[in-house]
Amino acid sequence: MILVTGGAGFIGGNFVLDWLAGRDEPVVNLDALTYAGNLETLARVASDPRHVFVHGDICDRARVDQLLATHRPRAIVHFAAESHVDRSIHGPGEFIRTNIEGTGILLEAARAYWNTLQGVAKEAFRFHHVSTDEVYGSLAADDAPFTEDHPYQPNSPYAASKAASDHLVRAWFHTYGLPVVTTNCSNNYGPFHFPEKLIPLTIVNALAGRALPVYGDGLNVRDWLYVGDHCAAIRTVLERGRPGETYNIGGWNEKTNLDIVHTVCARLDELRPDANGPRSRLISFVADRPGHDRRYAIDARKIGRELGWRPAETFDSGIRRTVEWYLANPGWVANVQSGAYRDWVNKQYGAST
Ligand code: NAD
Ligand code: DAU
């Protein structure tokens, strides 16, 4: 079996669902169920004996040791993190705790467990660290996309905490020989995405007739990847990636934020027309994010060349699936918009949004 951390979040949840849909190997899923963790995402596998959900914190060394000793996984896929840049600006403490300390604790627990393995089991073991393109900093309009050799230049507390975790993972390979792989991925979108991030926030607000907040001039660029493609890439790296290597994962889909918001509005207008007119009328330019990175773009040639992975979705097909999913799942959306969610929206955008 494999141990997944953060498997009740957006990408981890999609990963667990896809994994169990495609193979019989069980998953132990360790998640602290922060505001971003949601057991409803895992409803489809709630009574599946191949899915063992454990409510716990990656910073709890004793708990992690006990899980490893009990379940004896052949791999750890580490998603658990604080993941929202804006929240890291309001309060970096949790990012330092979970992303840096938590990863350190997990690495130490993994190392102790790995040292108990022998022969083929020891050789085959993997610690897969899921990271982000934000560690590389910001690109100018005409810069080449990020390769795996790009210098680390993180700019937000979130990015800095992920960069620190990447460095820990690298050091555990070089110093202790722990067989790690790291993937640095661009912006994901798709089902079960918490509506604090740009695409789900735009969908949810547009359906409710609320303002669609666009930071600054709306011309910041992100490289969008459908979450199912990211999960497929992780499975590929887990199977065939070389220990100690890093692989960049991206969708070859650079878009400005304004483009994204207009596209989401157009899909919603097409699939669920609004009697009041096109939803793009709701676009509202708001104060920029402090330290806002201008452009991210991933050069995903290494994983294509060495491991044969390429994204299956185009942006058009992926965004259509995503909008359709949100239209078909109003219950999931309603349930994540709890009091805590409203508190965040009021803090970040003011009560009018
Ligand atoms: P998310 O915020 O949706 O989910 C994070 C999950 O981790 C939640 O279920 C939460 O409960 C859990 N968690 C948080 N702290 C924990 C702790 N101390 N112990 C155990 N569980 C804890 O995040 P996501 O968007 O699914 O991102 C998953 C991973 O992928 C993160 O490491 C993130 O940095 C990385 N990543 C995300 C994106 C993206 O576009 N969302 C892109 C590249 C990389
Ligand atoms: O690049 C990978 C990263 O992508 C991941 O590591 C992070 O975990 C993930 O949250 C995401 O970070 P971003 O900051 O790029 O995503 P977000 O959806 O928050 O913002 C996308 C862009 O849209 C960014 O330029 C800021 C802008 N934005 C965002 C929000 C929430 C707006 O203009 N308005 C908004 O209300």
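Chains are numbered independently. Their residues run from 1 in the order of the written sequence. Written order decides the labels, with chains lettered from A and ligands numbered from 1. Per-residue local features are limited, in this predicted model, to residues with pLDDT of at least 70; the limit for side-chain atom pairs, both in listing and counting, is 80 or more; totals at the level of whole chains, interfaces and linings are taken over all residues. Side-chain metrics in this entry use all non-hydrogen atoms of the structure; hydrogen atoms and water are not considered.

Observations regarding the overall build of the protein chain
Then, number 1: Only DSSP runs of H or I with at least four residues qualify as helices, and only runs of E with at least two residues qualify as strands; both kinds are numbered from the N terminus onward. Secondary structure summary: the protein chain contains 13 helices and twelve strands in total.
Then, number 2: In this setup the radius of gyration rests on C-alpha atoms only. A globule is expected at 2.2 Å times the number of residues raised to 0.38. Here the C-alpha atoms of the protein chain give a radius of gyration of 20 Å, agreeing with the 20 Å that 2.2 N^0.38 yields for 353 residues.
Then, number 3: Principal-axis analysis of the C-alpha atoms gives the protein chain an extent of 65 × 45 × 40 Å.
Then, number 4: Exposed residues in this analysis have more than 50% of their type's maximum accessible area, buried residues have under 20%, and partly exposed residues fall in between, with area computed by a 1.4 Å probe over protein chains only. Here the protein chain holds 353 residues, and 54% of them are scored as buried.
Then, number 5: The contact criterion used throughout is that any non-hydrogen atoms of two residues lie within 4.5 Å. Within the protein chain, contacts between residues at least 6 apart in sequence are counted, and of these 81% link residues at least 24 apart.
Then, number 6: Counted charges follow a simple rule, with Lys and Arg positive, Asp and Glu negative, and His plus the chain ends left uncounted. The atoms used to mark charge sites are NZ of Lys, CZ of Arg, CG of Asp and CD of Glu. If you average the places of the 36 positive and of the 41 negative side-chain charges in the protein chain, the two averages end up 3 Å apart.

Overview of the packing of helix α2 (residues 61-71) against helix α4 (residues 93-114)
Then, number 1: Note on geometry: axes are C-alpha line fits, over the in-contact stretch for helices, and angles between N-to-C directions span 0 to 180 degrees. Close contact between α2 and α4 brings their axes to 10 Å; oriented N to C, the two are set at 35°. The element α2 and its partner α4 pack so that their crossing is right-handed. When α2 is examined against α4, the residues Arg61, Val64, Asp65 and Leu68 are found in contact with a partner set consisting of Ile105, Leu106, Glu108, Ala109, Ala110, Ala112 and Tyr113.
Then, number 2: Polarity classes work like this: nonpolar for Ala, Val, Leu, Ile, Met, Phe, Trp, Tyr, Cys and Pro, charged for Asp, Glu, Lys and Arg, and polar for all others, with Gly in that last group. The residue inventory of the contact of α2 with α4, partitioned by class, reads eight nonpolar, no polar and three charged. Each crossing is labelled by how the near helix is turned from the far one, with a counterclockwise turn of less than a right angle marking it left-handed and a clockwise turn marking it right-handed.

Remarks on the site of ligand 2
Then, number 1: Whether a residue is near a molecule or strand depends on its heavy atoms: if one lies within 4 Å, it is near. The immediate surroundings of ligand 2 are formed by 24 residues, with Asp133, Tyr158, Arg289, His292 and Tyr349 found nearest.
Then, number 2: Pairs of N or O atoms are called polar contacts if they sit within 3.5 Å, as long as, within protein, a hydrogen donor faces a hydrogen acceptor (for residues adjacent in sequence, only side-chain-to-side-chain pairs). For ligand 2, an oxygen atom lies 2.6 Å from a polar atom in the side chain of Tyr158.
Then, number 3: A distance of 2.8 Å separates an oxygen atom of ligand 2 from a polar backbone atom of Leu198.
Then, number 4: Working definition of accessibility: Shrake-Rupley area with a 1.4 Å probe, residue cover restricted to the visible protein chains. For ligand 2, whose free accessible area comes to 690 Å², the fraction covered by protein is 94%.
Then, number 5: Put simply, the parts of the chain that give the shell around ligand 2 at least two residues each are α7 (198-208) and β8 (212-215).
Then, number 6: A per-element tally of the shell around ligand 2 places β8 first, with three residues.
Then, number 7: Per-class residue counts for the shell around ligand 2 are ten nonpolar, eight polar and six charged.

As for the packing of aromatic side chains
By convention here, two paired aromatic rings are described through the distance between centres and the angle between planes.
Then, number 1: Pairing of aromatic rings covers Phe, Tyr and Trp, the last through its six-membered ring, and needs centres within 6.5 Å; plane angles under 30 degrees mean stacked, over 60 mean edge-to-face, and all others mean tilted. Within this structure, the stated rule accounts for 19 aromatic pairs.
Then, number 2: Pairing Tyr326 with Trp332 gives two aromatic rings, centres 6.4 Å apart and planes at 80°, and the pair type is edge-to-face. Here Tyr326 and Trp332 have matching classes, each one buried.
Then, number 3: In textbook terms, an aromatic cluster arises when at least three aromatic residues are bridged by ring pairs, as seen for Tyr136, Phe146, Tyr152 and Tyr296.

Side note on the pattern of salt bridges
A side chain of one charge can pair with a side chain of the opposite charge when the charged atoms of the two come close.
Then, number 1: In what follows, salt bridge is the name for a side-chain nitrogen of Lys or Arg lying within 4 Å of a carboxyl oxygen of Asp or Glu. This structure, assessed with the given rule, holds 23 salt bridges.
Then, number 2: For Asp24, the salt bridge identified is with Arg50, shortest N-O distance 3.6 Å. One end of the pair, Asp24, is in the loop between α1 (10-22) and β2 (27-31); the other, Arg50, is in the loop between β2 and β3 (51-55), with 26 residues separating them in the sequence.
Then, number 3: Relative accessible area serves as the criterion here: at 63%, Asp24 is assigned to the exposed category.
Then, number 4: A salt bridge links Lys197 to Glu196; its shortest N-O distance comes to 3.6 Å. Across this residue pair, the class does not change: Lys197 and Glu196 are buried.
Then, number 5: The network of salt bridges with common partners includes Arg242, Glu245, Lys302 and Glu306.

No statement about biological role is implied by the geometric values presented.
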